[in-house]
Amino acid sequence: MAVIDHDAALAKAGANVSGFWSQAGFLARRYPLGAVGALLVLLFVLTALFANFIAPHDPLSTNSRASLALPGGTYWLGADFMGRDMFSRIVFGARISLAVAVGATLLGGILGVAIGLMSGFLGGWFDLATQRLMDIMQSLPLLVMALVMAASLGPSLQNTIIAIAIPLVPSVARVVRSSTLSLREQPFVEAARAIGMGEMRIAVRHVLPNTLAPLIVLGTAQLGSAILTEASLSFLGLGIPEPYPSWGRMLSESAAEYVRTAPWLVIFPGVAISLTVFGTNLLGDALRDILDPRQRT
Amino acid sequence: MGAYLTRRVLLMALTLFGMSVLIFVMLRLVPGNIADILVDSAGIADPKEKAKIARELGLDRPIFDQYLQWIGGLVRGDLGFAYVSERPALEEIAPRIPISAKLAGLALFFSVILGVPLGVISAVRQNSVVDYLLRIISLSGLSLPSFWLGLLILMASVQWFGMIPIYTNEPRSFIDEMLLLSIPAAAVGFRSSALIMRLTRSSMLEVLRQDYIRTARSKGASQTTVNYVHALRNALLPVVTIIGIEAAFLVGGLIVTETVFNIPGVARFLVEAILWRDYPIVQNLVMLIAFCVVVVNFLVDMAYMALDPRIKYAD
Amino acid sequence: MRKRLATIAGGLVAAVALSAPAFAQKQGGTLRVSHRDNPPSASIHEEATISVNMPFMGVFNNLVFFDPKEKINSPDKIVPELAESWSWNDDKTKLTFKLREGVKWHDGKPFTSKDVKCTWDALRGDEKQEIIRKNPRKVWYKNVKEITTNGDNEVTFTLERQQPSFMSMLAAGYSPVYPCHVEARVMRSKPIGTGPFKVADFKRNEAIKLVRNPDYWRKGRPYLDAIEFKIVPNRSTRVLGFVAGEFDLTFDSDITFPLLKDVKDQKKDAICEARPTNVHSNLLVNRDAPPFDNPRLREALVYSLDRSPFSDILAQGNDLRGATMLPPPAGVWGMTQDELQKLPGFGPDIEKNREVARGIMKELGYGPDKPLKIKVATRNIAIYRDPAVILIDQLKQIYIDGELEPIDTTIWYNKIQQKNYQVGMNLTGAGLDDPDGVFYENFYSTSDRNYTAYKNPEIDKMIDEQSAETDVAKRKVLVSKIEQALLKDAARPPITHGVANTCWAPAVKNLVLQHNSIYNGWRLEDVWLDK
């Protein structure tokens with residue numbers, strides 16, 4: 001398994017690894033697409049964090065005089081049917097997308113890691129049972145699973161995060177389990193066991209850190225897929241409810257109604273989703289190349 | 001081999017059984033049931049009416065009984081009655097399957113004829129401008145929500161052609177139908193083509209580095225022959241895998257696309273049934289999808305075993 | 001003799017006048033209509049939505065119905081349908097119908113007085129009748145004591161007391177005659193009627209197909225060979241379809257004002273008619289739980305509303321201001337704008353009203369720094385959420401900090417009925433522009449559709465009183481009194497009455513939209529296509 005040693009890899013590549021900036025600069029030159037991705041993701045995260053300062057209007061406040069206002073002027077990206085500023089809604093929408101992406105990936109990741117570690121280490125019936133459970137969960141496409149979950153839980157931010165996180169669990173659990181299985185026979189794990197370390201402690205202290213590389217790669221890929229799944233769920237009316245400015249929700253119902261009179265209602269939120277997911281995908285590709293040299297392309 | 005097959009089939013059955021329990025329980029956690037909806041749609045607040053409907057549909061019976069009844073029927077090929085239309089669930093589901101299947105088939109076709117050649121080109125010309133461009137396009141394919149792409153296509157076709165490619169009347173001929181479905185299929189297929197292209201590219205690259213390719217080259221085979229005959233054939237195995245898996249997973253993309261293009265297929269019907277809490281429809285459809293996924297996975301494994309002599313399944 | 005001659009002459013003139021346009025009328029063709037969603041079922045008596053009435057009204061006939069050539073449904077414009085004539089006894093408690101002879105159900109069985117008795121026995125709550133399962137409008141017929149038949153062609157309704165609105169209820173689109181011999185399940189999926197069209201097919205997510213009934217009792221009708229309602233849940237797709245010529249007629253009230261311009265631009269020859277949707281938005285206030293168990297706080301809510309932005313945003317200023325009853329000119333019973341001004345919270349000076357509301361709030365200890373935090377519940381669909389979002393925005397003005405709580409549409413009435421909310425944004429539709437229909441359904445203590453469980457013996461008495469009043473002018477006064485009392489009690493304070501457009505292609509002829517009820521007037525037997 002890939003044990004991270006990119007300092008060495010970088011040194012080998014002739015890079016100056018002294019400072020963070022120069023390292024970043026090196027990586028950016030080596031992976032220009034990844035750098036673009038990192039920038040897009042950074043932009044997305046900053047927008048989400050500082051939405052209050054960036055958005056010129058309250059994303060929820062309505063204004064009858066601004067209904068379907070054209071882009072430009074007071075409303076840079078126009079206003080929706082309720083006279084709410086599209087730019088502000090997209091800015092605040094970043095916050096929701098970020099919350100869903102990070103929340104669902106983390107929650108799915110933590111559950112997946114816990115299940116994967118335990119089934120790799122404990123083996124036996126626990127392993128068998130969880131493996132079968134993972135089989136079951138993977139026998140449905142992600143969106144179908146999320147759809148049923150979202151309907152069961154009801155529409156809210158929290159529930160949407162859970163509905164997206166649960167279907168992400170099996171892939172994480174599988175990756176961690178297989179790493180664990182191969183690592184538990186490694187000499188350093190044997191050594192830890194020899195000095196009397198408990199199994200769980202070994203798992204957390206020694207095995208987990210060594211599965212980080214594939215996990216980061218997988219996690220970045222899942223960020224994008226979580227954002228897309230949320231958008232699809234909200235588009236179908238099962239995700240984040242109004243009036244919260246979820247990008248997917250903005251594309252459904254009322255926006256789609258005015259698709260001809262006010263195309264900006266459809267174009268801008270879609271651009272926001274696409275750019276963000278594009279960014280995470282670019283970044284994910286670069287991270288995979290850096291962290292998982294076996295798959296380097 | 002025989003033992004392995006038996007084991008695989010048993011595992012498949014176990015997975016499907018687990019899915020049936022899971023979906024059955026999850027549906028019943030959903031707030032509100034069909035009785036609530038029927039009563040609510042008429043704006044009635046009388047709990048007596050609701051109880052009457054629940055009794056009529058057997059929703060007041062113990063959940064275990066309900067499960068046994070469903071699963072018992074399913075084994076015998078009886079899918080029960082849809083709650084909303086009150087027709088046999090099979091009659092509601094079966095006619096919708098061909099529509100979705102055609103759409104999925106067409107989408108898959110698009111994604112393969114786009115994805116595989118572009119993936120090969122991208123790999124052969126690694127790190128060239130063309131490679132970068134193709135990689136960016138394929139990544140954007142993975143980043144565009146397919147419903148948004150669908151909306152954009154609809155907008156554009158009305159704007160420029162004054163027509164709208166939605167499914168309003170039953171197409172008169174097979175050709176008509178394929179033409180009508182080709183636009184939504186392209187919207188769904190774009191995403192899978194991106195996936196296939198990426199996989200083709202990386203698998204091609206791996207193969208191009210192999211010894212036998214170098215050997216072929218050193219023996220004087222032309223560059224083109226090497227790329228397209230030797231390398232591609234060997235790179236195709238993982239691609240076939242992903243195509244198989246994509247076929248089953250296209251359902252996700254179909255759900256939103258059928259909604260946008262108003263196609264009366266089975267995927268949109270599933271969403272509708274979930275919203276209506278039409279248990280017999282949702283349960284049976286979910287089982288159908290799970291069945292397809294499980295069988296496709298199995299077939300892919302079998303294909304692997306047949307195609308690649310290095311893979312042996314001992315246990 | 002002279003008088004008789006005159007009558008004959010008059011009759012002739014009328015006959016000529018009526019038949020004159022008939023020369024131009026064309027037989028045949030399929031009317032293609034867009035439909036917004038999957039109707040819950042095809043059984044009009046079991047449902048309460050235009051999604052059912054518009055496609056399925058043509059399958060049935062009533063005993064009597066509102067004159068389909070008139071735009072306004074009013075009690076003096078009721079014409080015979082399956083009943084050829086009717087008569088009242090002296091104290092107006094017995095209504096006897098003479099039924100049309102030789103009428104057949106779509107399955108060939110003869111229509112008789114038993115079918116009429118069966119239908120209204122079921123509607124009165126007779127559990128033995130198996131032609132319906134749900135019964136949302138049971139309260140309409142609470143005044144019926146018994147129904148008797150006299151031979152195959154005569155039926156008598158006996159009422160507990162006189163009820164001038166009774167004929168109006170029988171004339172509504174919601175009052176078709178059902179066949180005795182067909183069970184509820186069939187009526188919900190492929191109903192049998194006596195009407196001008198037969199149901200050919202009802203496929204969810206696809207279409208409802210009606211075909212001409214060749215044995216229709218009215219000779220020469222219907223003109224159309226078939227009607228096809230295509231189910232297209234996405235409104236923009238429906239509009240695009242209409243603009244592109246895929247549909248001849250839009251779904252009822254489908255073209256909101258913000259969309260109208262687009263339709264007119266794209267399809268210059270489209271004929272669009274605006275009319276009230278018979279749906280009005282209103283507030284639900286939970287009077288049985290804090291904080292709104294305090295009548296002062298309810299009063300503050302009533303004074304907080306500015307109705308113009310609702311109308312401006314949702315209908316570009318075309319929505320109507322009114323109390324619970326639809327206001328004139330379309331509405332027969334609603335208050336005039338002058339009368340409305342005197343109602344609490346309806347005055348033109350919004351700032352003054354809000355000052356009153358803020359005064360109450362301050363008195364109760366709230367203020368700009370200490371707002372009252374509440375949840376505004378609403379059904380999780382756009383037509384409910386949009387006004388709720390505006391409401392929340394307005395409540396800020398009187399120190400109320402509202403948070404939208406979208407309720408899954410399946411459990412909405414459930415939640416309201418269990419009083420599990422503080423304030424709700426609601427839409428109420430009126431199947432019939434009539435005080436009995438509206439008040440009994442929504443406010444009478446024993447009504448099945450009184451989902452807020454509003455119980456006020458005082459109001460019950462007033463509703464009964466107006467219901468028995470035969471003098472129209474006097475009755476209107478009683479109706480206004482009820483409106484005032486309801487508003488004072490913050491019982492579903494009304495916000496605006498919706499107005500929207502229905503559009504059709506010029507080839508569609510003879511379509512008359514009824515302006516005070518979208519639920520009536522979809523028999524479509526007189527409509528023809530000029531293609």
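Predicted model only: the values in this text are computed from it and were never measured.

**Student:** Lay out the state of the cysteines with the relevant residues and their values.
**Tutor:** Residue and element names in this part refer to chain C. Counted according to the given criterion, the structure contains two disulfides over all chains. Residue pairing for Cys118: its cysteine sulfur links by disulfide to Cys180, the two sulfurs lying 1.9 Å apart. Taking the sign of the torsion about the S-S bond as the criterion, the disulfide between Cys118 and Cys180, at about 105°, is right-handed. Here the residue Cys118 occupies a position in helix H3 (residues 113-123), and Cys180 occupies one in the loop between helix H4 (166-171) and helix H5 (184-189), the gap between them amounting to 62 residues. For Cys118, a relative accessible area of 7% puts it in the buried group. Using a relative accessible area of 32% as the deciding quantity, one classes Cys180 as partly exposed.

**Student:** Outline the packing of helix H10 (residues 199-235) of chain A against helix H13 (residues 264-291) of chain A, supporting the account with residue identities and numerical values.
**Tutor:** Residues and elements named next belong to chain A. At a minimum axis separation of 9 Å, H10 and H13 run at an interaxial angle of 170°. Classed by the angle they form, the pair H10 and H13 counts as roughly antiparallel. In this structure, H10 crosses over H13, and the sense of that crossing is left-handed. Contact with H10, carried on its side by Ala213, Ile216, Val217, Thr220, Leu223, Gly224, Ile227, Leu228 and Ala231, involves Ile273, Thr276, Val277, Thr280, Leu283, Gly284, Leu287, Arg288 and Leu291 of H13 and no other residues of that element. Along the lines of polarity and charge, the residues of the contact of H10 with H13 split into twelve nonpolar, five polar and one charged.

**Student:** Residue-level account of the sheet that holds strand E15 (residues 494-504) of chain C, with values.
**Tutor:** Residues and elements named next belong to chain C. In spatial order, the strands read E13-E12-E14-E11-E15; together these five strands make up an open sheet with mixed pairing. The sheet is open, and its two edges are formed by strand E13 (400-407) and E15, each paired on a single side. Neighbouring strand axes in the sheet, compared pairwise and without regard to direction, differ in orientation by 30° on average. Here strand E12 (residues 372-379) runs beside E13; their pairing, made up of eight bridges, is parallel. For Thr378, the partnering residue across the bridge sits in E13 and is Pro406. Packing of helix H9 (residues 307-315) onto the sheet brings it into contact with strand E14 (423-429) and E15, and relative to E15 it is tilted by some 20°.

**Student:** Break down the interface of chain A and chain B for me, with residues and values.
**Tutor:** Bring the parts together and some accessible area is lost; that lost area is often taken as the interface size. Tallying the contact residues gives 42 residues for chain A and 50 residues for chain B. Roughly 4000 Å² is buried in total at the junction of chain A and chain B, and carbon and sulfur atoms are behind 78% of that figure. Arg198 of chain B serves as the salt-bridge partner of Asp285 of chain A, at 2.8 Å between the closest nitrogen and oxygen. The interface formed by chain A and chain B includes five residue pairs in polar contact (both at pLDDT 80 or more). Of all elements in the fold, only helix H3 (32-49), helix H6 (124-138), helix H7 (142-153), H10 and H13 of chain A reach the threshold of two or more residues within the side of chain A that touches chain B. For the side of chain A that touches chain B, the element with the most residues is H13 of chain A, which contributes twelve residues. Its residues assigned to classes, the side of chain A that touches chain B shows 28 nonpolar, eight polar and six charged.

**Student:** Describe the UniProt feature "transmembrane region" (unreviewed entry) in chain A, listing the residues and the values that go with them.
**Tutor:** Residues and elements named next belong to chain A. According to UniProt, the "transmembrane region" (unreviewed entry) feature falls on residues 31-55, 96-122, 142-169, 215-241 and 261-284. The span residues 96-122 is 100% helix and 0% strand, and its two end C-alpha atoms sit 38 Å from each other. Annotated as 89% helix and 0% strand, the span residues 142-169 places its first and last C-alpha atoms 11 Å apart.

**Student:** So what's going on with the domain arrangement of chain B? Which residues, and what values?
**Tutor:** Residues and elements named next belong to chain B. Split by domain assignment, chain B resolves into domain 1 (2-94) and domain 2 (98-307). Taken over C-alpha atoms, the centre of domain 1 sits 32 Å from the centre of domain 2. Facing 30 residues of domain 1, the contacting portion of domain 2 comprises 25 residues. Summing the contributions of domain 1 and of domain 2, the shared interface buries around 2500 Å²; its carbon and sulfur component is 76%. On the domain 1 side of the interface with domain 2, the three residues burying the most area are Leu16, Leu27 and Ile93, jointly 22% of the side's total.

**Student:** So, the packing of H7 of chain A against helix H12 (residues 266-276) of chain B: which residues are in play, and what are the values?
**Tutor:** Between H7 of chain A and H12 of chain B, the least distance of the axes is 10 Å, while the angle of their chain directions is 15°. Looking at the two axes, H7 of chain A sits roughly parallel to H12 of chain B. Judged by the twist between their axes, the crossing of H7 of chain A over H12 of chain B is right-handed. Here Val144, Leu147, Val148 and Ala151 of chain A of H7 of chain A lie close against H12 of chain B, whose contacting residues are Leu270, Val271 and Ile274 of chain B. Taken together, the residues of the contact of H7 of chain A with H12 of chain B sort by class into seven nonpolar, no polar and no charged.

**Student:** If you had to explain the side chain of Gln131 of chain A to someone new, which residues and values would you point to?
**Tutor:** All names here are of chain A. By the element assignment, Gln131 lies in helix H6. Overall, the relative accessible area of 11% leaves Gln131 in the buried class. Gln131 has contacts with Ser119, Arg174 and Arg177, leaving out every residue within four places of it along the chain.

**Student:** So what's going on with the packing of aromatic side chains? Which residues, and what values?
**Tutor:** Here a ring pair, both rings aromatic, is described through the centre-centre distance and the interplanar angle of the planes. All names here are of chain C. Counting across every chain of the model gives 26 aromatic pairs over all chains. On the numbers, 5.3 Å between centres and 20° between planes, the contact of Phe60 with Tyr178 is stacked. Separated by 118 residues along the polypeptide, Phe60 in the loop between helix H2 (50-56) and strand E2 (64-66) and Tyr178 in the loop between H4 and H5 bring together distant segments of the chain. Taking relative accessible area as the criterion, Phe60 reaches 0% and is therefore assigned buried.

**Student:** Give a description of the UniProt feature "transmembrane region" (unreviewed entry) in chain B that names residues and reports values.
**Tutor:** Residue and element names in this part refer to chain B. Summarizing the sequence annotation, UniProt attributes the feature "transmembrane region" (unreviewed entry) to residues 9-30, 103-124, 136-158, 178-199, 235-261 and 281-300 in the numbering used throughout. A helix fraction of 95% and a strand fraction of 0% characterise residues 9-30, whose end C-alpha atoms lie 32 Å from each other. Helix makes up 100% of residues 103-124 and strand 0%, and the two end C-alpha atoms of the span are 32 Å apart.

**Student:** So, H3 of chain A: which residues are in play, and what are the values?
**Tutor:** Compared with the 26 Å implied by 1.5 Å per residue over 18 residues, the 26 Å span of H3 of chain A between its first and last C-alpha is a close match. Every buried residue of H3 of chain A is accounted for by Leu33, Gly34, Gly37, Leu40, Val41, Phe44, Thr47 and Ala48 of chain A. Each buried residue of H3 of chain A sits inside an arc of 155° when the element is viewed along its axis, so together they form one side. Exposed and oriented more than 90 degrees from the buried face of H3 of chain A are Leu39 and Leu43 of chain A. If you follow the buried residues of H3 of chain A, they end up packed against helix H4 (51-54), helix H5 (86-122), H10, helix H11 (247-251) and H13 of chain A together with helix H7 (129-143) of chain B.

Parameters at a glance
- Residues numbered from 1 in each chain as written.
- Chains lettered and ligands numbered in written order.
- Predicted model: local features only at pLDDT ≥ 70, side-chain atom pairs only at ≥ 80, totals over all residues.
- Heavy atoms only, no water.
- Disulfide = S-S within 2.5 Å.
- Helix = DSSP H or I, 4+ residues; strand = E, 2+ residues; numbered from the N terminus.
- Buried < 20%, exposed > 50% of the residue type's maximum accessible area, 1.4 Å probe, protein only.
- Axes fitted to C-alpha atoms, helices over the stretch in contact; angles between N-to-C directions.
- Parallel < 35°, antiparallel > 145°, perpendicular 65-115°, else oblique.
- Left-handed = near helix turned anticlockwise from the far one by under 90°.
- Contact = heavy atoms within 4.5 Å.
- Nonpolar A, V, L, I, M, F, W, Y, C, P; charged D, E, K, R; others polar.
- Pairing = 2+ DSSP bridges.
- Buried area = accessible area lost by both parts, 1.4 Å probe.
- Salt bridge = Lys/Arg side-chain N within 4 Å of Asp/Glu carboxyl O.
- Polar contact = N/O pair within 3.5 Å; in protein donor to acceptor, adjacent residues only side chain to side chain.
- UniProt positions renumbered as here; feature names shortened; annotations may be inferred.
- Domains from an automatic or database assignment.
- Phe/Tyr/Trp six-rings, centres within 6.5 Å; stacked < 30°, edge-to-face > 60°.
- Expected span 1.5 Å × (residues − 1).
- Arc of directions from axis to C-beta.

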